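The chain contents come next:
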Amino acid sequence: MINLPRIGQRLGFSVFKRNFSAPVAPFASRVPSDESGSNRNLDADLTKPSVTNNKSRNQVVGLNPGTSTLSQEAASSKNPIVAAAFASLLQEDSSDDRIVKSGSVNADVDEKIINASTVNDLLIIPSQGRITRKQALKIVSILAEWSSIKKVKLADFENDNRFLQLCSVLGRTNNRNNGTRVPLRSLANVQQSSLPVDDLQTVLGVTANDEAAKLIAGLTLQQMIKVMTSLSQKKKRSTPLLRTLAFNISSSTSKLNLKECGDLLYAMATLNFRDTVLTARICGDVETELVKNENKPAPVSSILTSLSLLRYRDSAMLDSLSDWVVKNNKICKPSHVSTLLLSLATLSYEPSNMDQLKSELIASLSESDFIKPIDWLNTVWSLAVLGSASEKNLASVLKTSFIANLENDRNGELSPSIKMKLLNLNGCLSVTNQKTDLNVSDPKFFVPLDASKDKRILIAGMLDALKSLVPSESHVKINTRTKMGFSIDAECVLDSKCLPLAVDKDHPDAKRIALLVHDYHDMCQGPHPALNGVQTLVCRLLQQSGYSVLSIPYTEFNTSDKLLKRVEYLQKKFKTIVNVKP
C-alpha cells in the first residue's frame, strides 16, 4: 500500500489528505472597507526576507547560489507536498532562488521535467546540470503526484539517494534564533495527522497567504489556536489565513476551554478580525465552561475585555459572565469588577442581575480600591453609562486634585479619550445644574471631533435630505460642538405640525431635534446590535438637555439611495417625534 505521507516526512512535514485545500469560510462576516483602521499595516506578507547561512546547505549536495523567483505556476500548486516545501522555501527571501546542483543553468530543464515519464527520467535531471530549488520542488511534487495516483510505487524511489538529496535540501527550514540552517524535528516524532507543534512556525513563515491557508486543514484545534495567537502577537493580519482558521475552528467538534476562548477572542480583537460564526461558537463554549470554573477570574476578565474590544453584544453571554462575577465576588478583585462594568458600558448592556450587581459590588467600590487614577475614571464613566453613577462618584473624578493625578500619571498629557470621558461626566452633573471644578473652556480639555471618511459621507447624505425639508439655512444648524465631549451632526426645530422654525430662536412649544448619524463604529455587533456605550450616553445627555434625539444608523440610511427616499425617511422620523399622524 502506498504511503504518500512518507514523502512529506522526508521533507520534515506531515502530509494532509488528498483534498488539501481548506475551504474559506463562506459566511465570514463582512465589515466596511475602513474597519481595519490602524490595522491596515497588518495586511503585510507573513514574513520578511531573511539572511540564510548557505554553508551548511552547500555541504549537503554541493549547492551553489543562484538567483530567480518562484513561479506562479508552482506557487498555485494544489499538491500538499508543494505546500509543505514552500513552507521551508519561502522562509528565505523569495527573490533568492537557490541552486541545488553545481554547473551551468540548463535552459531545457523545465522541458525535461515536463516530458519525464519515469522516476529515473526525473531523478537523473539534477545530475545533468545545475537546477534551481524551484525545479527541485517540481520534481518532488511530480513524484508525489505519481505516487498518489498509483502511477508508480513509493518503494521505487523512496530510498534512492538522488531523491533523498532533493528532500534533504527542500525539507530544511530556518532557525530564526541563530540564523543557521537546521533540520526539522526527528521524523519518528512526526504525526501524519497534523504538523508538529515545533513546526507551526512553518505556517507563519509562508509568504504566500493562500498557501499558508492550505496548511491549516491538517492542524489540530490547539495548533490552529496557536497560529491565531501567533499572528496576533506578530501583528500580521492575513485575511485569507484568518478566514480559513475561523472556518476550521468553528467546524471543530472539540470543546474550547476558557483560556482558549479568551486567547482566540483577544487575537481577533487585536487583529481587528470579526467573524460572527467563530465568535458565536466561542461564546457557546464559554457558557459551558463557566459552570466548571470556580476560582479563576482572570480568563473571565480576558473574555469580557475582548468582547468589548470586538463590540460583540450577546445578552446571554454577558448575563452569564455577570452572574459568574457576582457569585464569585469573594475571589474577584476591584479590577475584575471594573473590567465587567467597562465591558457592559462599552456594549451598552444592563445585565439581568443589575440590582444584585449594584448592591453587592458597585456600592462598595471607591477610589482607594484602584492604584491608577485612570482605572477609577473608567469605572465611574462605566457607571454613568449604565445609569448607576452617584453624584459623589461623578464629583470625585472632576476634582482638580484628581485631574492633576491623572496628568501626572500620563506624563502631563491627557489623551482624547480621557478628555472625552471627563467632559461626559461633567455633562452628567451640569444637566442637573450641579457645579464642578472642571473648566470646560480650558484649551487642555479640547477634544478633536473629526469624523471618519465613511461617516462624513453619511452625514453629507443626511444633510442633503434635511435641506430639502427646510426653507433656508437659518432653519438648520450643522456640526454643533457641545461642552460635553461630542458634537451634534445637525439640529432643527419643528412645530406641532412638523413645520420647520428658525433654529437660533427659542420656541417653547416646539421640538428641538438633534440629528445624530451613527456609522459602523458607533454600533455594537452580534446577535443583539445596538448603539455602543459612548453613543448611548451622548443620546441620554442630549435628552436631559432638552433635545429630541433622532438616531440615523447606517443600517437604515444609505447614501446610495435616491434623494427622494432619504427625504421620506427623515420626514417619517420627524412625524414620529412630533406625534403627527401620517
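Residues numbered from 1 in each chain as written. Predicted model: local features only at pLDDT ≥ 70, side-chain atom pairs only at ≥ 80, totals over all residues. Heavy atoms only, no water.

Caption draft 1: View of unusual backbone geometry. Although it is not a glycine, Asn433 adopts a positive phi angle of roughly 65°. Along the polypeptide, Asn433 turns up in the loop between α22 (416-430) and α23 (453-467). Despite not being glycine, Asn479 has its phi angle at roughly 50°, a positive value. Mapped onto the elements of the fold, Asn479 is located in strand β3 (residues 477-481). (Helix = DSSP H or I, 4+ residues; strand = E, 2+ residues; numbered from the N terminus.)

Caption draft 2: Broad picture of the side chain of Asn353. Tracing the chain through its elements places Asn353 in the loop between α17 (334-346) and α18 (354-360). A polar atom in the side chain of Asn353 sits 2.8 Å from the side chain of Ser322. With residues up to four places along the chain from it excluded, the contact list for Asn353 reads Ser322, Asp323 and Val326. (Polar contact = N/O pair within 3.5 Å; in protein donor to acceptor, adjacent residues only side chain to side chain. Contact = heavy atoms within 4.5 Å.)

Caption draft 3: Seen up close, the packing of α17 against helix α19 (residues 373-385). At a minimum axis distance of 8 Å, the contact between α17 and α19 shows a crossing angle of 45°. In terms of their interaxial angle, α17 and α19 are classed as oblique. In this structure, α17 crosses over α19, and the sense of that crossing is left-handed. Only Asp375, Asn378, Thr379, Trp381, Ser382, Leu383 and Val385 of α19 make contact with α17, whose side of the interface consists of Ser338, Leu341, Leu342 and Ala345. Tallied by class, the residues present in the contact of α17 with α19 amount to 6 nonpolar, 4 polar and 1 charged. (Axes fitted to C-alpha atoms, helices over the stretch in contact; angles between N-to-C directions. Parallel < 35°, antiparallel > 145°, perpendicular 65-115°, else oblique. Left-handed = near helix turned anticlockwise from the far one by under 90°. Nonpolar A, V, L, I, M, F, W, Y, C, P; charged D, E, K, R; others polar.)

Caption draft 4: The pattern of salt bridges, seen in detail. Under the counting rule described, the total for this entry stands at 9 salt bridges. We note a salt bridge from Asp285 to Lys255, for which the minimum N-O separation is 3.5 Å. Linking Asp285 in helix α14 (residues 276-290) with Lys255 in the loop between α12 (239-251) and α13 (258-270), this pair joins segments that are 30 residues apart in sequence. With a shortest N-O distance of 3.0 Å, Glu407 and Lys444 are connected by a salt bridge. Of the two residues, Glu407 is situated in helix α21 (residues 400-409) and Lys444 in the loop between α22 and α23; the sequence distance between them amounts to 37 residues. Its relative accessible area of 36% is what places Lys444 among the partly exposed residues. It is possible to trace a salt-bridge network through shared partners that takes in Lys255, Arg281 and Asp285. (Salt bridge = Lys/Arg side-chain N within 4 Å of Asp/Glu carboxyl O. Buried < 20%, exposed > 50% of the residue type's maximum accessible area, 1.4 Å probe, protein only.)

Caption draft 5: Quick look at α14. Helix length check: α14, at 15 residues, gives a terminal C-alpha distance of 21 Å against a target of 21 Å (1.5 Å per residue), a fit within 8%. Turning to α14, the residues buried within the fold contact α11 (221-234), α12, α13, α15 (297-310) and α16 (315-327). For α14, the capping residue at the N-terminal end is Asp275, with a side-chain oxygen 3.2 Å from the backbone nitrogen of Val277. (Expected span 1.5 Å × (residues − 1).)

Caption draft 6: Inspection of the side chain of Asp275 at higher detail. Positionally, Asp275 belongs in the loop between α13 and α14. An unpaired buried charge is present at Asp275: no salt bridge exists, and Arg243, the closest side chain of opposite charge, is 6.6 Å distant. At a separation of 3.2 Å, a polar atom in the side chain of Asp275 contacts the main-chain amide nitrogen of Val277. (Lys, Arg positive; Asp, Glu negative; His and termini not counted.)

The values reported here are purely geometric and, on their own, carry no functional implication.
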